[in-house]
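Descriptive structure summary
So you can see what is in the structure, the chains are spelled out below.
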Amino acid sequence: MAKKNDGTSLDSIFDDLVAKMDQSKQDIFAISEESRRSYEEMKDELENVRANISRIIAEGDALEERTRSARRRLAELSGSFESFTESQVREAFELANELQVQLSLNRAEEKKFRQKRDRLQRKLQKLLQTIERAERLVNQINVATNYLSSDLEDFGDAVDKSKSKQDYSLRIIEAQEEERKRLSREIHDGPAQMMANVLLRSDLIEKTYREKGADKAFKEISSLKDMVRQALTEVRRIIYDLRPMALDDLGLVPTLKKYLETIEEYNRGVRLFFHSNGNEVRLPNNFETSIFRLVQEAVSNAIRHGKSTDIEVKMEWLAEQVSIIIKDNGSGFDQGIVKDQSFGLTGMKERIELIGGEFFINSTLGEGTVLMFHIPLKAGM
């Protein structure tokens, strides 16, 4: 009974710990969002201050030129005092003095705005650091809670058998959180920002219609439609990165072909070649998704890390298996150093093993890389 109570107590403590960590994450997220709102507001304020500085400088330059001109005029009057009336001399003196006072006030105002600009820039930098620290903390808490909340009993045997399995699992969670953070930023900076602009432009259309008439309003509507199209394109791109819908509709080969054409279009100077030989067959969703992700990872690594300019992807459909070969002319690497340390290669190996396939790699420093995957068709049918 004591053991059962002890186990119940431990479960309660564990659940309480996870709940508190989750609450801490929510609190940190709230701080991050508040800091981000303050950051955006302060950024707008900084732009206004900079605009005022530019205006004041322009006014100061004009005042300085007028002051110099007034001084020259006063010097002329002083040199030929007998040729001018007392009233003319007094007016010239008062004008020069007034312009000098205005110029002094202008310089003081410029100094005040410059000091405000510097303060805002320092505050913005601190806010940005706060936002980044908050994001890192949320990411770390997510990693910890996800790992703690996983089924540790089932996972224990694998951990005991292989330290690399534990490292790999933790890195998977970290990668998932990094991917979520990246996706969040993409949505925030892309579609979310565009839709916020759409709302602002829709308000502007109403104002334009009232003040400038229907023709101007229709032009604004046309511009608004373009903005909505851009937002829709961006949303579709993000969805495609998550999972290309063509994979379900068209199958693996057409989707890979389209994907590689898109990658070539976005990476100038890189050439991609795709070949599919043999009788293509549809595979279960998890097989097609795994193969697509394997090719996606391999091509991405070849471009990003290998600096490849030529990449060839070749599929061979045989009676009992499909083979995928990805060959590049990149920088390559020392397999003895990199193979056991690379998260990307470990991930590929784990993914291919999940569908009963085999993974081979051949790379030499300075001579490119060849990756080969063999997937048994019978296991996937």
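Use the structure listed above.
Cut-offs applied
- Residues numbered from 1 in each chain as written.
- Predicted model: local features only at pLDDT ≥ 70, side-chain atom pairs only at ≥ 80, totals over all residues.
- Heavy atoms only, no water.
- Helix = DSSP H or I, 4+ residues; strand = E, 2+ residues; numbered from the N terminus.
- Buried < 20%, exposed > 50% of the residue type's maximum accessible area, 1.4 Å probe, protein only.
- Contact = heavy atoms within 4.5 Å.
- Areas by Shrake-Rupley, 256 points an atom, 1.4 Å probe, with all protein chains shown as cover.
- Pairing = 2+ DSSP bridges.
- Axes fitted to C-alpha atoms, helices over the stretch in contact; angles between N-to-C directions.
- Phe/Tyr/Trp six-rings, centres within 6.5 Å; stacked < 30°, edge-to-face > 60°.
- Core = buried A, V, L, I, M, F, W, Y, C linked by side-chain atoms within 4.5 Å.
- Expected span 1.5 Å × (residues − 1).
- Arc of directions from axis to C-beta.
- Parallel < 35°, antiparallel > 145°, perpendicular 65-115°, else oblique.
- Left-handed = near helix turned anticlockwise from the far one by under 90°.
- Nonpolar A, V, L, I, M, F, W, Y, C, P; charged D, E, K, R; others polar.
- Patch = residues over 30% accessible without salt bridge, like charges linked within 9 Å, V, L, I, M, F, W, Y side chains within 5 Å.
- Salt bridge = Lys/Arg side-chain N within 4 Å of Asp/Glu carboxyl O.
- Lys, Arg positive; Asp, Glu negative; His and termini not counted.
- Charge placed at Lys NZ, Arg CZ, Asp CG, Glu CD.

It is worth spelling out the overall build of the protein at this point. Helix and strand counts for the protein stand at 11 helices and five strands. Sorting the 381 residues of the protein into buried and exposed places 33% on the buried side. Relative to all contacts within the protein whose residues are 6 or more apart in sequence, the contacts with residues 24 or more apart total 70%. A total of about 24600 Å² of accessible surface is found on the protein, and carbon and sulfur atoms cover 53% of it.

Relative to the helices and strands, Leu103 is located in helix α2 (residues 86-149). For the pair Leu103 and Arg66, spaced 37 residues apart in the sequence, the C-alpha separation amounts to 9.7 Å.

A few words on the sheet that holds strand β5 (residues 369-376). Read across the sheet, five strands follow the order β1-β2-β3-β5-β4 without closing on themselves; strand pairing throughout is mixed. Strand pairing shows two members of the sheet lacking a second neighbour, β1 (271-277) and β4 (358-363), which therefore form its edges. Along the sheet, successive strands turn relative to each other by an average axial angle of 10°, direction set aside. Here strand β2 (residues 310-317) pairs with strand β3 (residues 321-328) via seven bridges, running antiparallel. In the sheet register, Val313 faces β3, and the bridge partner there is Ile326. The sheet contacts of helix α7 (residues 252-266) involve β1 and β2, and relative to β1 the element is tilted by about 170°. Sheet strands in contact with helix α8 (residues 285-304) are β1, β2, β3 and β5, and its direction is about 10° off that of β3.

The subject of this paragraph is the packing of aromatic side chains. Under the definition given, this model contains two aromatic pairs. A ring pair is formed by Tyr259 and Phe292, whose centres lie 5.3 Å apart and whose planes are at 65°; its orientation type is edge-to-face. Taken as a pair, Tyr259 in helix α7 and Phe292 in helix α8 lie far apart in primary sequence, 33 residues in all. Phe292 carries the same exposure label as Tyr259, and that label is buried. Between Phe359 and Phe373, the aromatic rings sit 5.3 Å apart at their centres with planes inclined by 15°, giving stacked as the arrangement. Of the two residues, Phe359 sits in strand β4 while Phe373 sits in strand β5, which places them 14 residues apart along the sequence. Accessibility classification places Phe359 together with Phe373 in one group, the buried group.

Val299, Met315, Ile324, Ile326, Phe373 and Ile375 are the most contacted members of the largest nonpolar core, which has 38 residues in total. With nine residues, the single largest contributor to this core is α8. Apart from residues lying up to four places away in sequence, Ile324 is in contact with Ile291, Val295, Val313, Lys314, Met315, Leu371, Met372, Phe373 and Ile375. In terms of nonpolar packing, the next biggest core, distinct from the first, is built from 11 residues, Met42, Ile53, Leu120 and Ile131 among them.

Over its 15 residues, α7 extends 21 Å from the first C-alpha to the last, a length consistent with the 21 Å expected when each residue adds 1.5 Å. Along α7, the residues classified as buried are Leu252, Val253, Thr255, Leu256, Tyr259, Leu260 and Ile263. The buried residues of α7 occupy an angular sector of 160° when projected down its axis, which confines them to one face.

Moving on: α8. Along its 20 residues, α8 runs 28 Å from first to last C-alpha, staying within 8% of the 28 Å computed at 1.5 Å per residue. Most of α8 is tucked away: 15 of the 20 residues are buried.

With that settled, the discussion passes to the packing of α7 against α8. The contact between α7 and α8 brings their axes to 11 Å, and the two run at 20°. Considering their axes alone, α7 and α8 lie roughly parallel with respect to each other. For the pair α7 and α8, the crossing hand works out as right-handed. Contacts between α7 and α8 pair Leu252, Thr255, Leu256, Tyr259, Leu260 and Ile263 from the former with Glu288, Ile291, Phe292, Val295, Gln296, Val299 and Ile303 from the latter. Of the residues in the contact of α7 with α8, the class split is 10 nonpolar, two polar and one charged.

A cluster of basic side chains, namely Lys207, Arg210, Lys212, Lys216 and Lys219, defines a positive patch on the protein surface. Contributing elements (two or more residues each) for the positive patch: α4 (163-212) and α5 (214-242). Here the element with the most residues in the positive patch is α4; it accounts for three residues. Mapped onto the secondary structure, Lys219 falls in helix α5.

Across all of its chains, the model carries 15 salt bridges by this definition. Salt-bridge contacts for Lys43 lead to Glu40; the nearest nitrogen and oxygen are separated by 3.9 Å. Of the two residues, Lys43 and Glu40 both sit in helix α1 (residues 2-79), three residues apart, roughly one turn of that helix. Among the residues examined, Lys43 registers a relative accessible area of 34% and is labelled partly exposed. Note that Asp310 and Arg271 form a salt bridge whose closest N and O atoms lie 2.9 Å from each other. Taken together, the residues Asp310 in strand β2 and Arg271 in strand β1 connect sequence positions 39 residues apart. On the basis of relative accessibility, which here comes to 24%, the residue Asp310 falls in the partly exposed class. Salt bridges sharing common partners tie together Glu64, Glu65, Arg68, Arg107, Glu110 and Arg114.

Function cannot be read off these values alone, since they describe shape.
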